[in-house]
Structure formats: structure tokens, C-alpha cells
Amino acid sequence: MNENNRVWWILFLVGGGALLVRAATTEFGKSYARDQTVYVTVEGGTAEVDAVPGLPTAESDAAHPDAARWTRSLAADPGERDDPHVRFSWADTIGLWCAALLTLAIFSFLFGDNPGYRLAEAIFVGVSAGYAMIAGFWEGIVQLLLAKLIPVATKEHFLPGLEPDPRWADDWARYQSGDLGYVAAEWAATTLLSLVPLVFGVMLLMRLSPKGGWISRWPLAFFIGATAGLRLIVHFESDFIRQIQATLLPLIVFKEDNSFDLAQTLANVTIVVGVLSSLVYFFFSKEHEGVFGGVSRLGIWFLMITFGASFGYTVMGRITLFAQRLEFLFDDWLWIIDPLQRRAGL
Amino acid sequence: MKRTVPLFLAAATGFVLIVASFVPAAGSWGKYAVDWFNILAALAFVLGGGSLLSQHLKKISDQQAGWGYSLVTVVSFLATLVVGLGKFGVAPPTLHPDKVWAGDYKEAGSGFSWIFDYLYTPLAATMFSILACFVASAAFRAFRAKNVEATILLVTAFIVLLGRTYAAIWIGDQADWLASQVVDPAIWHPYVTGLRLDKLTETIMDVFNTAGTRAIMIGIALGIVSTSLKVLLGVDRSYLGSDDR
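Residues numbered from 1 in each chain as written. Chains lettered and ligands numbered in written order. Predicted model: local features only at pLDDT ≥ 70, side-chain atom pairs only at ≥ 80, totals over all residues. Heavy atoms only, no water.

## Overview of the overall build of chain A
Move 1: Of the regular secondary structure elements, chain A holds 11 helices and 4 strands.
Move 2: The C-alpha atoms of chain A give 31 Å as radius of gyration, which overshoots the globular expectation for 346 residues (20 Å, by more than 25%).
Move 3: Each principal axis of the C-alpha distribution contributes one length, and for chain A these read about 90 × 75 × 70 Å.
Move 4: The burial tally for chain A puts 38% of its 346 residues in the buried class.
Move 5: Taking the intrachain contacts of chain A between residues at least 6 apart in sequence as the baseline, contacts between residues at least 24 apart amount to 48%.
Move 6: When the accessible surface of chain A is summed, it comes to about 19,300 Å², and 65% of that surface belongs to carbon and sulfur atoms.
Move 7: Side-chain charges in chain A split into 25 positive and 35 negative, and the spacing between the mean points of these groups amounts to 10 Å. (Helix = DSSP H or I, 4+ residues; strand = E, 2+ residues; numbered from the N terminus. Rg over C-alpha atoms; globule rule 2.2 N^0.38 Å. Buried < 20%, exposed > 50% of the residue type's maximum accessible area, 1.4 Å probe, protein only. Contact = heavy atoms within 4.5 Å. Areas by Shrake-Rupley, 256 points an atom, 1.4 Å probe, with all protein chains shown as cover. Lys, Arg positive; Asp, Glu negative; His and termini not counted. Charge placed at Lys NZ, Arg CZ, Asp CG, Glu CD.)

Dropping the structure here:
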């Protein structure tokens with residue numbers, strides 16, 4: 001057994017032993033849920049919702065004879081577990097343990113690469129790709145493409161709250177009256193343009209084909225062109241014009257009572273000098289020597305302050321995230337700390 | 001056909017969007033282009049998913065080194081897809097209780113939200129959080145106050161790091177108390193209160209950092225404009241790749 005494996009075995013045994021001791025002496029790592037039965041009656045376009053605590057009973061069903069019904073589980077604090085409608089949740093408990101063990105697996109990379117980290121990384125890649133694809137499907141393909149290509153069916157199955165597009169406002173009424181010919185003609189005339197992104201999308205998928213890969217250049221070119229066109233305007237407006245506008249500051253500032261405001265004057269002068277000198281540093285068409293070189297040097301100092309501040313800010317952000325993960329482990333999972341008093345009385 | 005049409009398409013799309021920003025009558029063209037862009041972006045995720053599957057399935061079928069991890073990736077990917085597309089555990093909207101597919105796919109308590117809360121969020125947050133250790137370790141090894149510029153960067157980073165914690169307020173309070181034992185605070189307080197670490201951090205962020213960031217943003221904007229124009233005018237054709245495929 002090499003030294004690396006020995007360290008892992010020791011960590012594994014110490015960690016497992018600590019968990020066993022904790023399990024023998026106290027409770028931890030449990031999640032609770034509050035059940036609710038929702039009865040919904042829709043009349044005249046308004047919904048009457050009655051959320052009854054607990055699972056459905058013969059009495060609650062009898063009290064809502066014509067209502068649609070479903071149950072939902074809301075997260076409950078362990079301190080509320082004596083409530084008759086709060087129960088131990090297997091799904092959330094398994095989730096909590098998965099989250100805790102995966103968190104530890106990622107943390108283990110701080111000691112070096114290991115199978116636990118690689119397993120967590122593989123799960124992360126799969127879940128992230130799946131998450132992005134699902135979000136793209138429901139928010140992009142359904143809401144933007146299907147809602148225009150097949151609005152009636154989309155409204156019927158996926159988006160009942162879909163606002164009628166002016167182009168097919170009459171279609172819904174005609175569809176319901178059985179005039180399918182009209183709907184087909186109208187659809188052909190008005191939604192033809194929506195076929196373009198669909199065709200582009202199919203062409204984009206040709207990238208996966210061994211020989212027809214060049215076909216994907218067309219949608220890719222559209223994508224690149226649209227990105228360039230959008231970014232050009234957006235960045236020119238927000239990062240160029242707005243930033244210059246914001247730098248046109250008064251260099252002598254007076255307060256409302258007409259007294260001289262030294263602090264604001266110094267701040268404004270520093271900002272204007274800082275922006276101009278930093279821009280001089282970025283100007284490479286002239287040799288940085290003499291007065292120009294001196295101003296450029298001042299610009300470098302301003303940029304160094306900016307990089308130092310950004311570094312400090314970024315590190316603090318990461319440390320906050322690190323502290324939150326530790327808080328999750330010690331509070332939600334191990335029940336060692338309880339800053340929000342969620343287990344008060346246990 | 002393979003290169004000319006894409007070049008024309010990129011230029012036409014880009015210039016239509018630029019014109020649409022300035023000509024109100026052409027606003028609907030811009031809206032169509034943006035909608036198509038968003039749809040294509042969503043379809044690109046399908047391409048990404050397909051590419052991920054093909055890469056990992058090949059690794060599994062060839063039984064390359066680490067194929068077990070590929071299997072885990074494929075299973076997690078497919079499970080997320082099935083749960084997200086099937087909307088398991090999603091309640092219908094209250095106004096349309098008969099439409100079971102119409103609920104929000106991210107609804108709390110649903111299968112997809114379970115994956116998000118217990119797999120995706122902890123993994124992503126922990127992945128980013130361990131960067132704190134790597135950044136700190138790299139900074140410890142690389143940061144050396146060798147010249148004026150490096151010293152300025154180091155001192156600023158130290159002030160901002162400390163100034164964002166409670167330690168800065170505590171140190172400032174202790175310094176205030178000590179000074180007040182020697183001199184009347186009414187005399188010195190208005191002049192040196194800005195030197196407290198927490199106040200100094202605010203000044204650095206609001207004044208010096210603003211100036212530097214503004215210059216960088218102006219530079220980035222000019223860079224984006226020139227790069228975009230190079231793409232739209234066909235000077236930069238790197239996105240077309242080679243003619244091999």
C-alpha cells in the first residue's frame with residue numbers, strides 16, 4: 001500500500017468512525033416534509049385553491065366534491081417534526097446524504113485526484129449537460145419555437161397561459177368551431193418564418209454527421225453574425241458611450257449649502273485622471289516615453305489597484321462560498337451547529 | 001456554397017441587427033433575428049448533448065481507461081433528461097388543473113428540482129468554492145513585492161481582503177479607542193476616519209477600482225466593436241474552420 005492510499009484509508013476510517021459515533025450518540029442527516037393536499041376548483045377563469053394540511057382523507061375529499069386534487073410536500077424544519085402533518089422524508093434525506101457525500105468528494109480534490117472526486121465530476125458533467133438541455137427545451141424550443149409553429153397544440157398541452165399572438169388570435173376560436181382549413185391556411189402564411197430556425201437547427205445537428213459537417217456552417221454563420229451584431233451595439237452603448245458619459249464629472253464639487261466638498265472633488269479628479277491615464281497605457285501607437293510614458297506609468301498603477309481589488313473581491317467571494325458549503329455540512333447534514341434555530345427543542 | 005453562403009449569412013444577419021437598432025421601421029427584423037438566435041441557442045444544447053453522448057458512448061464501447069466514469073456521466077445525463085422532460089412530480093397550474101404537462105418544470109418538490117437541489121447545486125457550489133484554496137495557494141507562491149506595481153497590487157488585495165471582513169471593523173474600533181485615549185477625537189477623527197480599513201476598502205472600490213475598470217471596459221468595447229466588424233466584413237473567417245469537412 002503506497003503512502004497516498006494509506007492517507008485515504010486513514011481519512012475514510014476516521015470519517016466513517018466519526019459518523020458512527022455521531023449516529024450512536026445523537027440524530028443527524030434527516031429531512032422532514034410537510035404534506036399538503038391542494039383542491040382546485042376553476043370557475044369563470046378564476047381558480048379557487050384550498051390547501052388542506054396532510055394527505056387526502058375521505059372527509060377532505062367529500063368537502064371538495066368537484067375539485068381537482070393533488071398533494072405536495074413542502075420542506076419542514078426538524079424542530080417541527082412533532083406536528084402531525086410533518087413526516088420523515090426519504091426523498092429529501094437521500095438527497096441530503098447525496099449532497100453531503102458529493103460535497104466531501106469534491107473537497108477531497110484538495111488532497112489530490114482520487115476516484116471519489118472523479119465520480120463526483122462525472123455526475124456533475126452529466127447533470128449539468130442534462131440541466132442545460134432541459135432548460136433549453138422548455139424555455140427555448142417550447143416557448144419560442146413550438147409556440148409559434150404549432151400554437152394551438154402548444155397552448156393545449158404545454159402553455160395554457162400562452163397569450164394569443166396577434167397573428168393567430170382568431171385561430172383559436174376558429175379551431176374550436178371546427179374550421180381547420182382556415183387554421184391550416186393561416187398557419188402556413190404566418191408561421192412560415194418560424195420554420196427558418198427549425199431548419200437551421202436541423203442543419204446545426206448535421207455537425208454530428210461524419211460527412212455533412214459543412215452544412216452546420218450556415219446556422220453557425222447566422223449565430224456568429226447575430227452575436228457580432230448584437231454585441232457590437234450593446235457593448236458600444238453600455239461599455240463605451242455610458243462609461244465615457246459617467247466619467248464626465250465635475251472636477252470642483254460644492255455641497256448643497258454651497259460649501260466646498262473636498263472629498264467628492266478628490267474622488268472625481270482621481271476617477272478622471274485614473275480613466276485617462278489607464279487609457280493612455282492601452283494606447284500602443286505611440287512610444288511610452290517622456291510625459292506620455294509618465295502618464296502611462298500612472299495608468300499602470302491604477303490598473304494594478306484595480307487588479308488587486310478584483311483579486312481580493314474574487315477571493316472573498318470564493319471564501320464565502322467555501323464557508324457556505326461548510327455550513328451546509330455542519331448545519332444541514334451533521335446537525336453540529338444551528339445558526340437559524342431550525343432544530344430548537346430537539 | 002461551403003464558404004460564400006455562410007459569409008453572406010453572417011454579414012446579412014449582423015448588419016440587419018445593427019440597422020434594426022437605429023431604424024424603428026426595421027425593429028421587427030431585429031426581433032425575428034433575436035428570436036431565431038435564442039431558438040438556435042436552445043437547439044445548440046441538443047447538439048451539445050448529442051456530442052457528449054457520442055464521445056462517452058465511444059469511450060464505453062472501446063472500454064478505454066476510465067470508461068466507468070463515462071458510464072456514470074451518460075447515466076446522470078439521461079436520468080436528468082428523463083426526469084426533466086417527464087416533469088415528474090410537477091403539479092399542474094392552478095388555473096388549468098387538467099393539463100398535467102403544463103406545470104413549471106423547476107417546481108419545488110418535483111423530481112427535476114430534487115436533481116437541482118441535491119446534485120447540481122452542491123456540486124457546482126463546491127466546485128467553485130475549492131477555487132478559494134487554489135487561488136490562495138497560487139497567490140502565496142506567486143505574489144512577491146518585487147517592484148512598485150507588484151507592491152501596489154499586493155497591498156490593495158490585502159486591504160480589500162481584510163476590509164471585507166469583521167476584522168477590519170474590529171481593528172478600526174480598537175485603533176479609534178487607543179487614539180481617543182491620547183488625543184481628543186473631535187480633533188483628529190474627521191481627518192483619519194477614512195483610513196480605517198473598512199472605509200479604505202470602500203474608497204478603493206468606489207474610486208480607484210471604478211477608474212481602472214472603466215478604462216478596461218472602454219478598451220473591451222473597442223475590441224468587441226473591431227472584432228465584430230472584422231467578422232461581419234469577412235476579414236476574420238476563422239469561425240468557418242477548414243475545408244476538410
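There is more to say after this.
## Things to note about the interface of chain A and chain B
Move 1: With 125 residues of chain A at the interface, the matching set in chain B holds 117 residues.
Move 2: Buried surface at the junction of chain A and chain B, summed over both partners, amounts to about 11,300 Å²; 81% is from carbon and sulfur atoms.
Move 3: Along the contact surface separating chain A from chain B lie 3 salt bridges.
Move 4: Between Lys-148 of chain A and Asp-35 of chain B there is a salt bridge; the shortest N-O distance is 2.5 Å.
Move 5: Linking chain A to chain B there are 14 residue pairs in polar contact (both at pLDDT 80 or more).
Move 6: Sorting elements by how many residues they give to the side of chain A that touches chain B places helix 4 (residues 115-149) of chain A first, with 29 residues.
Move 7: In terms of residue class, the side of chain A that touches chain B is built from 83 nonpolar, 27 polar and 15 charged. (Buried area = accessible area lost by both parts, 1.4 Å probe. Salt bridge = Lys/Arg side-chain N within 4 Å of Asp/Glu carboxyl O. Polar contact = N/O pair within 3.5 Å; in protein donor to acceptor, adjacent residues only side chain to side chain. Nonpolar A, V, L, I, M, F, W, Y, C, P; charged D, E, K, R; others polar.)

## Digging into the domain arrangement of chain B
Residues and elements named next belong to chain B.
Move 1: As far as domains go, chain B holds domain 1 (1-80) and domain 2 (143-237).
Move 2: When each unit is reduced to the centre of its C-alpha atoms, the spacing between domain 1 and domain 2 is 39 Å.
Move 3: Counting residues at the interface gives 7 residues for domain 1 and 4 residues for domain 2.
Move 4: Its largest share of buried area at the contact with domain 2, domain 1 owes to Arg-3, Leu-7 and Phe-15, together 66% of the area lost on that side. (Domains from an automatic or database assignment.)

## Some thoughts on the nonpolar core
Move 1: In terms of nonpolar packing, the biggest core is built from 50 residues, with Ile-106 and Trp-333 of chain A together with Leu-123 of chain B touching the most fellow members.
Move 2: If you list the elements that add at least two residues to this core, you get helix 3 (90-107), helix 4 and helix 11 (290-333) of chain A together with helix 2 (27-61), helix 3 (67-86) and helix 4 (111-129) of chain B.
Move 3: Take this core: its biggest share by element is 16 residues, from helix 4 of chain A.
Move 4: In this view, Ile-106 of chain A contacts Tyr-117 and Ala-120 of chain A together with Leu-123, Thr-126, Met-127 and Ile-130 of chain B; residues no more than four positions away in its chain are not counted. (Core = buried A, V, L, I, M, F, W, Y, C linked by side-chain atoms within 4.5 Å.)

## Details of a nonpolar patch on the surface
Move 1: Together, Leu-251, Ile-252, Phe-254, Phe-260, Leu-262, Leu-266, Val-269, Val-273, Leu-298 and Trp-301 of chain A together with Val-148 of chain B line one region of the surface with nonpolar side chains, adding up to about 960 Å² of accessible area.
Move 2: Here the element with the most residues in the nonpolar patch is helix 10 (residues 262-282) of chain A; it accounts for 4 residues.
Move 3: Structurally, Trp-301 of chain A can be placed in helix 11.
Move 4: Owing to a relative accessible area of 31%, Trp-301 of chain A belongs among the partly exposed residues under this scheme. (Patch = residues over 30% accessible without salt bridge, like charges linked within 9 Å, V, L, I, M, F, W, Y side chains within 5 Å.)

## Comments concerning the packing of helix 4 of chain A against helix 3 of chain B
Move 1: Axis separation between helix 4 of chain A and helix 3 of chain B bottoms out at 8 Å; the angle between their running directions is 30 degrees. On the basis of the axis angle, helix 4 of chain A is roughly parallel to helix 3 of chain B. Here the hand of the crossing between helix 4 of chain A and helix 3 of chain B comes out right-handed.
Move 2: Grouping the constituent residues of the contact of helix 4 of chain A with helix 3 of chain B by class yields 17 nonpolar, 6 polar and 1 charged. (Axes fitted to C-alpha atoms, helices over the stretch in contact; angles between N-to-C directions. Parallel < 35°, antiparallel > 145°, perpendicular 65-115°, else oblique. Left-handed = near helix turned anticlockwise from the far one by under 90°.)

## Some points on the pattern of salt bridges
Residues and elements named next belong to chain A.
Move 1: Under the defined criterion, the tally for this structure stands at 21 salt bridges over all chains.
Move 2: For Asp-61, the salt bridge identified is with Arg-69, shortest N-O distance 2.8 Å.
Move 3: Residue Arg-69 is classed as partly exposed on the basis of its relative accessible area, which comes to 42%.
Move 4: Among the salt bridges present, the one from Asp-338 reaches Arg-343, with a minimum N-O distance of 3.9 Å.

## Some thoughts on the packing of aromatic side chains
Two aromatic rings are characterised by how far apart their centres lie and by the angle between their planes.
Move 1: For the coordinates displayed, the defined rule picks out 31 aromatic pairs over all chains.
Move 2: Ring plane angle 75 degrees and centroid distance 6.4 Å describe the contact between Phe-28 of chain A and Trp-333 of chain A, whose orientation is recorded as edge-to-face. Of this pair, Phe-28 of chain A sits in the loop between helix 1 (3-25) and strand 1 (32-43) while Trp-333 of chain A sits in helix 11, and the two are 305 residues apart along the sequence. With respect to burial, Phe-28 of chain A and Trp-333 of chain A carry one shared label: buried.
Move 3: Taken together, the aromatic side chains of Phe-124 and Tyr-131 of chain A together with Tyr-105, Phe-112, Phe-116 and Tyr-120 of chain B make up a single cluster linked through ring pairs.
Move 4: Over the face of the ring belonging to Phe-292 of chain A we find Lys-286 of chain A, whose NZ or CZ atom lies 5.5 Å from the ring centre.
Move 5: For the cation-ring pair, Lys-87 of chain B lies above Trp-138 of chain A, with the distance from its terminal atom to the ring centre recorded as 3.9 Å. (Phe/Tyr/Trp six-rings, centres within 6.5 Å; stacked < 30°, edge-to-face > 60°. Lys NZ or Arg CZ within 6 Å of the ring centre and 35° of its normal.)

## Observations regarding helix 3 of chain A
Quick reminder: α-helices carry 3.6 residues per turn. Residues three or four places apart thus point the same way.
Move 1: Helix length check: helix 3 of chain A, at 18 residues, gives a terminal C-alpha distance of 26 Å against a target of 26 Å (1.5 Å per residue), a fit within 8%.
Move 2: Listed in full, the buried residues belonging to helix 3 of chain A are Asp-92, Thr-93, Gly-95, Leu-96, Ala-99, Ala-100, Leu-102, Thr-103, Ala-105, Ile-106 and Phe-107 of chain A.
Move 3: Buried residues along helix 3 of chain A sit in contact with strand 1, strand 4 (86-88), helix 4 and helix 11 of chain A together with helix 4 of chain B.
Move 4: Put simply, Ser-89 of chain A is the residue that caps the front of helix 3 of chain A, since its side-chain oxygen is 3.1 Å from the backbone nitrogen of Asp-92 of chain A. (Expected span 1.5 Å × (residues − 1).)

## Describing the side chain of Thr-80 of chain B
Move 1: For Thr-80 of chain B, the position within the fold is in helix 3.
Move 2: Not counting residues up to four positions away in its chain, the partners in contact with Thr-80 of chain B are Gly-126, Val-127, Gly-130, Tyr-131 and Ile-134 of chain A together with Phe-112 and Ile-115 of chain B.

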